[in-house]
There are 6 protein chains.
Amino acid sequence: MARIDGRQKDELRPIKITKDFIQYPEGSVLIEMGNTKVICNASVEERVPLFKKDSGEGWVTAEYAMLPRATLTRSNRDINKLKKNNRSVEIQRLIGRALRSVVDFKVLGERSITLDCDVIQADGGTRTAAITGAYVSLSLACQSLLKNGVIKKFPLNGYVAAVSVGIVNKVPLLDLCYEEDSHAAVDMNIVMTDKGEFIEVQGTGEEAPFTKKQLEQLLELGEIGTKALFQVQKNILGD
Amino acid sequence: MARIDGRQKDELRPIKITKDFIQYPEGSVLIEMGNTKVICNASVEERVPLFKKDSGEGWVTAEYAMLPRATLTRSNRDINKLKKNNRSVEIQRLIGRALRSVVDFKVLGERSITLDCDVIQADGGTRTAAITGAYVSLSLACQSLLKNGVIKKFPLNGYVAAVSVGIVNKVPLLDLCYEEDSHAAVDMNIVMTDKGEFIEVQGTGEEAPFTKKQLEQLLELGEIGTKALFQVQKNILGD
Amino acid sequence: MARIDGRQKDELRPIKITKDFIQYPEGSVLIEMGNTKVICNASVEERVPLFKKDSGEGWVTAEYAMLPRATLTRSNRDINKLKKNNRSVEIQRLIGRALRSVVDFKVLGERSITLDCDVIQADGGTRTAAITGAYVSLSLACQSLLKNGVIKKFPLNGYVAAVSVGIVNKVPLLDLCYEEDSHAAVDMNIVMTDKGEFIEVQGTGEEAPFTKKQLEQLLELGEIGTKALFQVQKNILGD
Amino acid sequence: MARIDGRQKDELRPIKITKDFIQYPEGSVLIEMGNTKVICNASVEERVPLFKKDSGEGWVTAEYAMLPRATLTRSNRDINKLKKNNRSVEIQRLIGRALRSVVDFKVLGERSITLDCDVIQADGGTRTAAITGAYVSLSLACQSLLKNGVIKKFPLNGYVAAVSVGIVNKVPLLDLCYEEDSHAAVDMNIVMTDKGEFIEVQGTGEEAPFTKKQLEQLLELGEIGTKALFQVQKNILGD
Amino acid sequence: MARIDGRQKDELRPIKITKDFIQYPEGSVLIEMGNTKVICNASVEERVPLFKKDSGEGWVTAEYAMLPRATLTRSNRDINKLKKNNRSVEIQRLIGRALRSVVDFKVLGERSITLDCDVIQADGGTRTAAITGAYVSLSLACQSLLKNGVIKKFPLNGYVAAVSVGIVNKVPLLDLCYEEDSHAAVDMNIVMTDKGEFIEVQGTGEEAPFTKKQLEQLLELGEIGTKALFQVQKNILGD
Amino acid sequence: MARIDGRQKDELRPIKITKDFIQYPEGSVLIEMGNTKVICNASVEERVPLFKKDSGEGWVTAEYAMLPRATLTRSNRDINKLKKNNRSVEIQRLIGRALRSVVDFKVLGERSITLDCDVIQADGGTRTAAITGAYVSLSLACQSLLKNGVIKKFPLNGYVAAVSVGIVNKVPLLDLCYEEDSHAAVDMNIVMTDKGEFIEVQGTGEEAPFTKKQLEQLLELGEIGTKALFQVQKNILGD
């Protein structure tokens, strides 16, 4: 069975990360995974949330949103409904957790970095593209803090990348596009470190439950996908 | 290393499900897992969301909230902040997805069932307790629809239960209480069917990434835990 | 004319107050008046509203809400409408006023006690049950403050209880259940002290105006009802 | 003991009702009780709330608000806080209930009348002034409906007026101004019909409980006050 | 072609400004331009917005709103929609900008003056009436600050008045009433100083674009109109 | 006096319009004016607002927003404040008015086109760039409707472009960048048709009033600027 865009089962879509996409943020990239495009901006601010006050430690958080016409049909803006979209809430919590797992908050010091992930075009896998792109922006912002002498050590202790995998027509596939995603029986997002460890595994069998064997196949695809993504990130970040 | 409450690593807290806890809902239970107490009410309504209109199919959804003093310190009510708590949004989406995975919406017919999960006392594992309890309420509501001739067949094709597992001080543990949860390096929620398949696996290593080996140990604990929960559910539901 | 549940005109429904219903609050009860069930939690916080800042005086306030399925048909949650229910606003203001009337704020000191009254099952008289139950929680919280040496004197100078009365089919009745309440021409809530004085009298003749004679009959029923309630409160509080 | 403005204990402040104050509403008055000034506009609309749909019956409701500088110090507008003021919610519910008690909804037919009571200057007794003024606007709107042949019969079966009474320095007083109100131990609002019956009695002893004897004295003052108000209303309405 | 109310093309409607309309504000007027009536209250507060903190400078801002029945048909209140009306937002920003242009914030000192412009009856030109009236209230408030020794110098360096002009049936007209405004092809609001300079020019050709020649004719009408308004303002302010 | 970026007084910044920037909208461009970048998406929907229902006529409206880090410092998202930014409200009303002035709604038919203008990088003149870009998107969407036979005639009867002008250090300048804008004494936005007529003129002298002579100089700069913009638009649109 061929994939809709002719890819192999374990093949990522073309990926492109454009550095310094927006000029003002401390870190900024446009990440493109196939037709999915997300602007990831990192903003450093010299203040922390209440629960970190006077702790000597920093904080990293994320916000995720879509432009109204990032999708096939137009969505109403959150502000017109006075309610942050529930799916966006879930996603931005995931992005924040994923990135925080590699941050040494003592080294970062009492400041916060906000990752704004704004999807301008959506074709599946926006949350994992956001994590992969946001990691690069976060890293660029940290490089800049280090270069400017604001911090003494680089505060990230590993790379973070994410990819979606899923089971479509009983076949485990890597990096689902929207069309595939909408027919998937199982849908999983995998966030990993470049050491091959897991940061987050979120698998959902809303259409049909899945077995431990299937879970293992999906995890393997996730490893293959993130390995390729780490290579792209490292090229951009000059390591 | 002994657990804070003397349990074995793979031992659940005492579990109790009280049927017909509230008199008005079509299904209602109070579920207690140790000191965690959640009221799960199922409400049947003869209407469906817009996207199911005229489809002949029904819908199942969930809402999750905590009383202000379900926790050690008092939280402000959502309505006073004009914003549903982000964590609650994430959890109620999980509960809804988990339950929908075993519902045959054609059999249910064009009506909806809302599972209100209100935590009155929280000591860890509220989301998994909510899923386990909500399944019972959902099942009671379906039994009642069947008995009253509203539907012709029982619309649920399997049991659903959930349990939290995690790694505390490097040791994988089953069913974390709040004290354990707040020291866990890895935190995972596992939702399963009584056929031993996975509906949802959500593992987070915010404190530290985890290996595939650890993931497997956690999944095994999840299986042990849900197996015990299915027994309790079946006793209540009279199967 | 017999009452729907066989009671005498001046007879309360069975009343039950369960102490320490929830484990975390400084005071907590479940009050049941017939089928009406309200959780009343008292939370002590070491801060006061702006208008009491640096006054040396404390504050007591209340919040009232219903679970979505406390009633025959499900109600949408306030947060989904971004608006506190108007009836709830009116009721929580009443509860707060009623309790404050017996508090010596100088003795309480610059701290606040919030009474969360959450109706889990509603069958008429929820606001008066909330006042009667909240008084017990408030008193438990004050006992605890006194026992722990936080305050030097007990800050409550009297008991507070409340009951609903009304005129149904021209007959004045004590403690209306929902069925009676929905047919009442006149509806009155009476809050009293154990010295037989009035704290609040709220009578409404939306269906039909009432005479001074009828008002007097209703006040007498209120005295009978609260007298019985004070007895239950005193048994619980160990006086 | 003399009153702050030299009035007798049972004397109203100067009262003035200006008819047709605003040109567009079906009924409009400016009511002045001393320095308290409230614009009361009645708007007829050919639709009813959901719960009256296809009932053949109409509805009457009220909204109450204050201009930001109706008071000594400026208040922030509700819209800037995204929350209707709690006190206003309580008051507009009272105004609506009070007026509905004399409306024959069958005669009014399936249309609604909204009474907008906007306080432009507040010096105590704004809610009772609003009721007294809103009754006149409601009556004017009904006269206009009758005159235009929209309805066949006058739908109001009595006059409604309201006045505040209270106990200040142990003395029962009629029609408290703001200065008196802020020192009152007991505060009561009395709504009556011109037949001398009660529509609503709301007495609060937040500062100190009150006896049945005091309650009776206050009710008598209320009767004196409303009797005078009915005269003013009748002069305006041409009866 | 005669105007609907018989005026000349360059003739203002009757204008009336009532000083001290509300008793509490530091400055208060009711301005009437024909049937348009706006209450303009100036409130002095001893605090400034964040961006002026510790600058030694003050601030002037405006809020604009309409009573629900200021218009032919009733509008729902902003608070019921949880959203400030977009048109009101645009207008209050205009009023604030217009007034700030003549304020010396150093002389005013670190305090703020809020101009509340509440339209109680609307018949076209409410925003320009609000500016003209609000200037008087602002000036009264400044006079009072000066008289009370709070400030040492009068902080306003010029008069501000505004008027609407427009092109109706190809004819440029001064001071449009609602009926004219709703048929205007071009609609322009002109804010001027008494030195004949422009503070704000806002012209919109939503129905049809306009030429430079037409723009000049409208500006001339604006000069004629504001000249008359400055005379009324000066009479009131006693210059 | 040289301009900050070396431009002539009457010289636009480099302008670039990228067609089909986002793939889903019926019309989409990225417009860049110097460092200001705005995504303008046109969405056609087969429904109209209530006030156009059954009129046979269509509607055109606009929404304007900025990404949080389009600016030097990060702004909080509207949804987190539950309030659309006031400046954005003003701007999106302007964009909508400007575009509607050239639309024949009968020809468009009963459908609506929404122009989403999202600023991803802001360096002054975002509202005028949005109008100029949105016109192109609107035109593209109309071309597509015509090509697909949905409409029979092209519904736009002219081109629309906008530019900002202002007085900085007493010198009238065309197309202000942020740095210039923040020092401008007078700030004006000019919207024109390609026939040289005005659609909207908005001039504000918040810092200092301006004379009729200055107004004329600014209008001339506006004509020069829009003339150049119409050329760019026509190149893109293939006329």
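Attention in this report is confined to the structure presented alongside it. Note that the structure is predicted; figures quoted are calculated from it, not measured. (Residues numbered from 1 in each chain as written. Chains lettered and ligands numbered in written order. Predicted model: local features only at pLDDT ≥ 70, side-chain atom pairs only at ≥ 80, totals over all residues. Heavy atoms only, no water.)

Attention now moves to the overall build of chain A. The number of helices and strands found in chain A is six helices and nine strands. Taking 18 Å as the expected radius of gyration for a compact globule of 239 residues, we find that chain A reaches 18 Å, a close match to that expectation. Once the C-alpha set of chain A is aligned to its principal axes, its extents read approximately 55 × 45 × 30 Å. Counting all 239 residues of chain A, 62% fall into the buried class. Sequence separation of 24 or more characterises 69% of the internal contacts of chain A that already satisfy a separation of 6 or more. Here chain A has roughly 9,200 Å² of accessible surface; of this, 49% comes from carbon and sulfur atoms. Here chain A contributes 32 positively and 32 negatively charged side chains, and the mean placements of these two sets differ by 2 Å. (Helix = DSSP H or I, 4+ residues; strand = E, 2+ residues; numbered from the N terminus. Rg over C-alpha atoms; globule rule 2.2 N^0.38 Å. Buried < 20%, exposed > 50% of the residue type's maximum accessible area, 1.4 Å probe, protein only. Contact = heavy atoms within 4.5 Å. Areas by Shrake-Rupley, 256 points an atom, 1.4 Å probe, with all protein chains shown as cover. Lys, Arg positive; Asp, Glu negative; His and termini not counted. Charge placed at Lys NZ, Arg CZ, Asp CG, Glu CD.)

Another aspect to go through is the interface of chain C and chain D. Across the contact, 29 residues belong to chain C and 28 residues belong to chain D. Both faces combined, the contact of chain C with chain D buries some 2,900 Å², and carbon together with sulfur accounts for 51% of it. Taken together, chain C and chain D are joined by six salt bridges. Across the salt bridge formed by D:R93 and C:E90, the nearest N and O atoms sit 2.9 Å from each other. (Buried area = accessible area lost by both parts, 1.4 Å probe. Salt bridge = Lys/Arg side-chain N within 4 Å of Asp/Glu carboxyl O.)

Now for the pairing of strand β6 (residues 160–168) of chain E. Counting buried positions over the nine residues of β6(E) gives nine, a clear majority of the element. Both faces of β6(E) are covered, namely the face carrying E:V160, E:A162, E:S164, E:G166 and E:V168 and the face carrying E:A161, E:V163, E:V165 and E:I167.

The transform that puts chain C on chain D rotates by 180° and translates by 0.0 Å along the axis, for an RMSD of 0.0 Å. Look at the turn and shift together and you get a two-fold axis relating the two. Judged by C-alpha distance, C:Q202 is the residue of chain C that lies nearest the rotation axis, at 2.3 Å. A share of 97% of the interface residues of chain C reappears at the interface of chain D, consistent with the copies meeting face to face through the same patch. (Least-squares fit on C-alpha atoms with pLDDT ≥ 70 in both.)

Moving on, we get to the interface of chain F and chain A. Interface size is commonly expressed as the accessible surface area that is lost when the partners come together. Between chain F and chain A, the residue contacts involve 38 residues of the former and 38 residues of the latter. Both sides together, the interface formed by chain F and chain A hides about 3,000 Å², and carbon and sulfur atoms give 50% of it. The largest per-residue losses of area from chain F upon contact with chain A belong to F:Y24, F:R69 and F:R74, which jointly make up 25% of the total buried on that side. The interface formed by chain F and chain A holds twelve salt bridges in total.

Take the relation of the copies chain F and chain A next. Rotating chain F by 180° and translating it 0.0 Å along the rotation axis places it on chain A, where the RMSD comes to 0.0 Å. Most of the interface of chain F is mirrored in chain A, where 100% of its interface residues are also at the interface.

A word on the sheet that holds strand β9 (residues 198–204) of chain F. Read across the sheet, eight strands follow the order β7(E)-β6(E)-β8(E)-β9(E)-β9(F)-β8(F)-β6(F)-β7(F) without closing on themselves; strand pairing throughout is antiparallel. Edge positions in the sheet fall to β7 (171–174) of chain E together with β7 (171–174) of chain F, since each of these pairs with one other strand and no more. Taken pair by pair, the neighbouring strands of this sheet meet at an average axis angle of 15°, ignoring direction. Of the strand pairs in this sheet, strand β6 (residues 160–168) of chain F and β7(F) are connected by four bridges, and their pairing is antiparallel. Note that in β7(F) the partner of F:V165 across the bridge is F:L174. Along the sheet, helix α4 (residues 126–147) of chain E makes contact with β6, β8 (184–193) and β9 (198–204) of chain E, crossing β6(E) at roughly 165°. Packing against the sheet, helix α6 (residues 212–237) of chain E makes contact with β6, β7, β8 and β9 of chain E together with β9 of chain F, and its axis sits at approximately 140° to β6(E). (Pairing = 2+ DSSP bridges. Axes fitted to C-alpha atoms, helices over the stretch in contact; angles between N-to-C directions.)

Residue and element names in this part refer to chain C. One open sheet holds the five strands; their spatial order is β1-β2-β3-β5-β4, and the pairing between them is mixed. Pairing within the sheet leaves two strands with one partner each, and these edge strands are β1 (15–19) and β4 (59–66). Each neighbouring strand pair of the sheet contributes to a mean axis angle of 20°, computed without reference to strand direction. Where β1 meets strand β2 (residues 27–33), five bridges bridge the pair, whose relative direction is antiparallel. Residue pairing across strands places I15 opposite M33, the latter belonging to β2.

On to helix α2 (residues 86–100) of chain F. All names here are of chain F. For α2, spanning 15 residues, the distance from its first C-alpha to its last is 22 Å, which sits close to the expected 21 Å at 1.5 Å a residue. Of all 15 residues that make up α2, twelve are buried, and the element is covered over most of its length. Burial in α2 covers these residues: S88, V89, E90, I91, Q92, L94, I95, G96, R97, A98, L99 and R100. Put simply, N85 is the residue that caps the front of α2, since its side-chain oxygen is 2.9 Å from the backbone nitrogen of R87. (Expected span 1.5 Å × (residues − 1). Polar contact = N/O pair within 3.5 Å; in protein donor to acceptor, adjacent residues only side chain to side chain.)

Together, A:E216, A:E220, B:E216 and B:E220 give the surface a local cluster of negative charge. For the negative patch, the secondary-structure elements that each account for two or more residues are α6 (212–237) of chain A together with α6 (212–237) of chain B. One can find B:E220 in helix α6. (Patch = residues over 30% accessible without salt bridge, like charges linked within 9 Å, V, L, I, M, F, W, Y side chains within 5 Å.)

If you walk through the whole model with that rule in mind, you get 142 salt bridges over all chains. In this structure, the salt-bridge partner of D:R7 is D:E180, at a minimum N-O distance of 3.6 Å. Taken together, the residues span a long stretch of sequence, with D:R7 in the segment before β1 (15–19) and D:E180 in helix α5 (residues 178–181) at a distance of 173 residues. In this structure, D:R7 and D:E180 share a single accessibility class: buried. Between E:R7 and E:D5 there is a salt bridge, with its nearest N and O atoms 3.0 Å apart. Looking at E:D5, the relative accessible area reads 39%, which means it is partly exposed.

What follows concerns unusual backbone geometry. Only a minority of non-glycine residues have a phi that is not negative, and only a minority of peptide bonds are not trans. Although it is not a glycine, E:D20 adopts a positive phi angle of roughly 55°. With respect to the element layout, E:D20 can be found in the loop between β1 (15–19) and β2 (27–33). Residue F:L82 is not a glycine yet carries a positive backbone phi of 55°. When you line up the elements, F:L82 lands in the loop between α1 (78–81) and α2.

Each disulfide consists of one covalent bond between the sulfur atoms belonging to two cysteines. Considering all chains together, one arrives at zero disulfides over all chains under this definition. Free of any disulfide, A:C117 has its nearest neighbouring cysteine sulfur in A:C40, separated by 4.3 Å. (Disulfide = S-S within 2.5 Å.)

Residue and element names in this part refer to chain A. Mapped onto the fold, S139 is located in helix α4 (residues 126–147). Here S139 falls in the buried class, since its relative accessible area comes to 2%. Beyond its immediate sequence surroundings of up to four residues, S139 is in contact with F154, L156 and L237.

Quick look at helix α6 (residues 212–237) of chain D now. Residues and elements named next belong to chain D. In this model α6 runs 37 Å from its N-terminal to its C-terminal C-alpha over 26 residues, within 8% of the 38 Å that 1.5 Å per residue would give. Looking only at α6, the buried set comprises L215, L218, L219, L221, G222, G225, T226, L229, F230, Q233 and L237. Positioned one or two residues after α6, G238 has a phi angle of 75°, which is positive.

Contact between chain A and chain D is absent, and the minimum C-alpha spacing across the pair is 11 Å. Structurally, chain B and chain E remain out of contact, their C-alpha atoms never closer than 11 Å.

Residue and element names in this part refer to chain A. Summed over the entire model, instances satisfying the criterion amount to 24 aromatic pairs over all chains. Members of the aromatic cluster, joined through ring pairs, are F51, W59 and F105. Positioned above the aromatic ring of Y159, the side-chain terminus of K234 is 5.0 Å from the ring centre. (Phe/Tyr/Trp six-rings, centres within 6.5 Å; stacked < 30°, edge-to-face > 60°. Lys NZ or Arg CZ within 6 Å of the ring centre and 35° of its normal.)

The next thing to look at is the packing of α4(E) against α6(E). All names here are of chain E. The N-to-C vectors of α4 and α6 enclose an angle of 30°; their axes lie 11 Å apart at closest approach. The orientation of α4 with respect to α6, classified from their angle, is roughly parallel. The chirality of how α4 crosses α6 is right-handed. Counting all contacts with α4, which are made through T132, Y135, V136, S139, L140 and Q143, the residues of α6 involved are L229, Q233, I236 and L237. Within the contact of α4 with α6, the residues separate by chemical class into six nonpolar, four polar and no charged. (Parallel < 35°, antiparallel > 145°, perpendicular 65-115°, else oblique. Left-handed = near helix turned anticlockwise from the far one by under 90°. Nonpolar A, V, L, I, M, F, W, Y, C, P; charged D, E, K, R; others polar.)

Next up on the list: the environment of D:K16. All names here are of chain D. Along the chain, K16 falls in strand β1. Residues K16 and V232, spaced 216 residues apart in sequence, show a C-alpha to C-alpha distance of 8.1 Å. For K16, the contacting residues outside a window of four places in its chain are L30, I31 and E32.

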